[in-house]
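Remarks on the overall topology
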Amino acid sequence: MRVPFSLTENTVPRLLVGFGVLLVLVLVAEWVFFARDLTAMLIGTALTLPLNGAIVFGGYWLARREYSLERCLRIAAWVVAGVVCFTLMNLALMVIVPPEGLWYAAGWLRWAITTSGAIALLIGIVEARAIEREVAAEQAVLEAEYVDAQRAWLDYLNALLRHEVLNNANVIGGYASVLLKDEDVSDSTRDQLRVIDRQSREMADVVRDVRILLESLEEPTPFEATNLSAVLTEEVEALRELPEDVRVDASIPESVFVRADDLLARLFSNLFANAVEHNDSPVPRVHVTVDAGPETVRVRIGDDGPGIPEGKIEGLFERDIAGNGDHGIGLYLVRRLVDRYDGTIEVTETGPEGTVFTVELPRVRAETERPSTEPPSESGSLEVTQ
């Protein structure tokens, strides 16, 4: 059997609205054609007109809910079953107690249909809402179980990276460093050991970045006022540990605070490492400046490298699944951490003379921070030459 029209989620609400309007029209027709007892008609109208309005309102209310077609049809089934059963009961009662006339019988039936329709609609809606709440609760339980399972796997992966991969990389790098100090090692072997040492350090850095990425996926602990100046100063000093010669110019005000956690240091260490690793100058030069405004802190990190090709700027901070990016996982981790702290990062300058990354983070006040009326003192230009 072919249905003359297609059923959608809006079909039932429209039919309910039409049903309620039809009952109102029937009431108007009673007043026009069958009104005999004014008092009885007023009482009947007062009893049924609010129920008619409830049916119309129920249809509009149902149309605004995102209930499935199956759920809407179940509500309609409640209304149809309620109207049919209650109307049959009243017809049977009319046979036992015949009404006084046609106008009384019409009002009686209209009252039975209106009352049963409104009550059945209410029951159907209450049931639908109860089912939706139950489904939502079950979905929440399933999502919580899935999140717990994912967190367990992430914890396992984090432990595996720390105990197996990172430890092994450190062991390899340690042995390579020891052999490099041996004066009896030939030049060719020494070159190979340098490669092993460099690759082991790079492997360790990647493992640390992956572990921090895993930590950033977890719900962040409440952030605290973190001394950005101290973090930046420590990371600038860490450049001294790099095997290459690096020149650093830093202008960092004292005691500038942002709301962050202990992952903040990794954000800037990756940016500093990126400025050095992708720099083909004989002595890479890194510029660090901090501009502390009333609401935000802007950190500019520049280098004198070859710049970033225009075609790679757009996806520079995106995750490179294929592993073809020149900047690896470092800048993707930087963007995730910046997002974690409700900040922004962008490439504000790039070209043959170098690239500038600008990080902007929300500023917070701490007891040790100088009042905004006092100009912050600067550490001056810190130069590190290796």
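Rules used in this analysis
- Residues numbered from 1 in each chain as written.
- Predicted model: local features only at pLDDT ≥ 70, side-chain atom pairs only at ≥ 80, totals over all residues.
- Heavy atoms only, no water.
- Helix = DSSP H or I, 4+ residues; strand = E, 2+ residues; numbered from the N terminus.
- Contact = heavy atoms within 4.5 Å.
- Axes fitted to C-alpha atoms, helices over the stretch in contact; angles between N-to-C directions.
- Parallel < 35°, antiparallel > 145°, perpendicular 65-115°, else oblique.
- Left-handed = near helix turned anticlockwise from the far one by under 90°.
- Polar contact = N/O pair within 3.5 Å; in protein donor to acceptor, adjacent residues only side chain to side chain.
- Phe/Tyr/Trp six-rings, centres within 6.5 Å; stacked < 30°, edge-to-face > 60°.
- Buried < 20%, exposed > 50% of the residue type's maximum accessible area, 1.4 Å probe, protein only.
- UniProt positions renumbered as here; feature names shortened; annotations may be inferred.
- Patch = residues over 30% accessible without salt bridge, like charges linked within 9 Å, V, L, I, M, F, W, Y side chains within 5 Å.
- Areas by Shrake-Rupley, 256 points an atom, 1.4 Å probe, with all protein chains shown as cover.
- Salt bridge = Lys/Arg side-chain N within 4 Å of Asp/Glu carboxyl O.
- Core = buried A, V, L, I, M, F, W, Y, C linked by side-chain atoms within 4.5 Å.
- pLDDT = per-residue confidence, 0-100.
- Arc of directions from axis to C-beta.

On to the overall build of the chain, then. For the chain, the helix and strand inventory stands at nine helices and seven strands. Excluding contacts between residues fewer than 6 apart, the proportion of contacts in the chain whose partners are at least 24 apart in sequence is 76%.

To continue, consider the packing of helix α6 (residues 228-238) against helix α7 (residues 264-277). Close contact between α6 and α7 brings their axes to 10 Å; oriented N to C, the two are set at 40°. The angle between α6 and α7 places the two elements in the oblique class. As α6 packs across α7, the resulting crossing turns out to be right-handed. Contacts between α6 and α7 involve L228, V231, L232, E235 and V236 from the first element and L264, A265, F268, S269 and F272 from the second.

What follows concerns the side chain of S269. The topology assignment puts S269 in helix α7. In this structure the side chain of S269 is engaged in a polar contact, spanning 3.0 Å, whose partner is the backbone oxygen of R266.

Now for the packing of aromatic side chains. The way to describe two aromatic rings as a pair is by their centre distance and the angle between their planes. Across all of its chains, the model carries four aromatic pairs by this definition. Ring geometry for W61 versus Y67: centroids 6.2 Å apart, planes at 70°, classification edge-to-face. As far as burial versus exposure is concerned, W61 and Y67 are alike and both buried. Relative to W111, the ring of F86 lies with its centre 5.8 Å away and its plane at 55°, an arrangement referred to as tilted. Remark: W111 occurs in helix α4 (residues 102-180) and F86 occurs in helix α3 (residues 69-96); sequence separation between them is 25 residues. Given a relative accessible area of 26%, F86 falls into the partly exposed group.

Our focus in this paragraph is unusual backbone geometry. Phi at S255 takes a positive value of approximately 50°, unusual for a residue other than glycine. At D342, a position not held by glycine, the phi torsion is positive, near 60°. Looking at the secondary structure, you find D342 in the loop between α9 (330-340) and β6 (344-351). Since its relative accessible area comes to 66%, D342 is described here as exposed.

Further remarks concern the UniProt feature "transmembrane region" (unreviewed entry) in the chain. The sites that carry the UniProt feature "transmembrane region" (unreviewed entry) are, in the present numbering, residues 12-34, 40-63, 75-96 and 108-126. Its end C-alpha atoms 32 Å apart, residues 75-96 is made of 100% helix and 0% strand. Secondary structure content for residues 108-126 is 100% helix and 0% strand, while the C-alpha to C-alpha distance between its ends is 27 Å.

Here we take up a nonpolar patch on the surface. The grouping of V28, W31, V32, F33, L38 and L42 at the surface amounts to a nonpolar patch, some 610 Å² of accessible area in total. Secondary structure elements with two or more residues in the nonpolar patch: α1 (11-34) and α2 (38-63). Broken down by element, the nonpolar patch gets its largest block of residues, four residues, from α1. With respect to the helices and strands, the residue V32 is situated in helix α1.

What follows concerns the nonpolar core. L264, L267, F268, L271 and F357 are the most contacted members of the largest nonpolar core, which has 40 residues in total. No other element matches the seven residues that α7 contributes to this core. Setting aside residues up to four positions removed in sequence, F268 forms contacts with L228, L232, V299, I301, V359 and L361. Counting 13 residues, the second largest nonpolar core, distinct from the first, contains L16, Y67, C72 and V83.

Tracing the sequence through the fold places A54 in helix α2. For A54, a relative accessible area of 36% puts it in the partly exposed group. Along the sequence, A54 and G117 sit 63 residues apart, while their C-alpha atoms lie 9.6 Å from each other.

This part is about the confidence of the model for the chain. Residues of the chain with pLDDT of at least 70 account for 81%, and the chain-wide mean is 80. For the chain, the element scoring lowest by mean pLDDT is helix α5 (residues 187-217), at 75; strand β5 (residues 296-303) scores highest, at 94. Confidence drops under pLDDT 50 across residues 322-327; counting only partners more than four residues distant or on other chains, this segment forms six contacts. For the stretch residues 368-386, pLDDT sits under 50, and the model shows 47 contacts to residues farther than four places along the chain or on other chains.

All right, on to α6 then. Three or more residues of α6 are buried, namely L228, S229, V231, L232, E235 and V236. Here the buried residues of α6 occupy an arc of 165° about the axis, which is enough to place them on one side. As for α6, its buried residues are in contact with β1 (224-227), β2 (247-251), β3 (257-260), α7, β4 (285-292) and β5. Its side-chain oxygen placed 3.1 Å from the backbone nitrogen of S229, N227 serves as the N-cap of α6.

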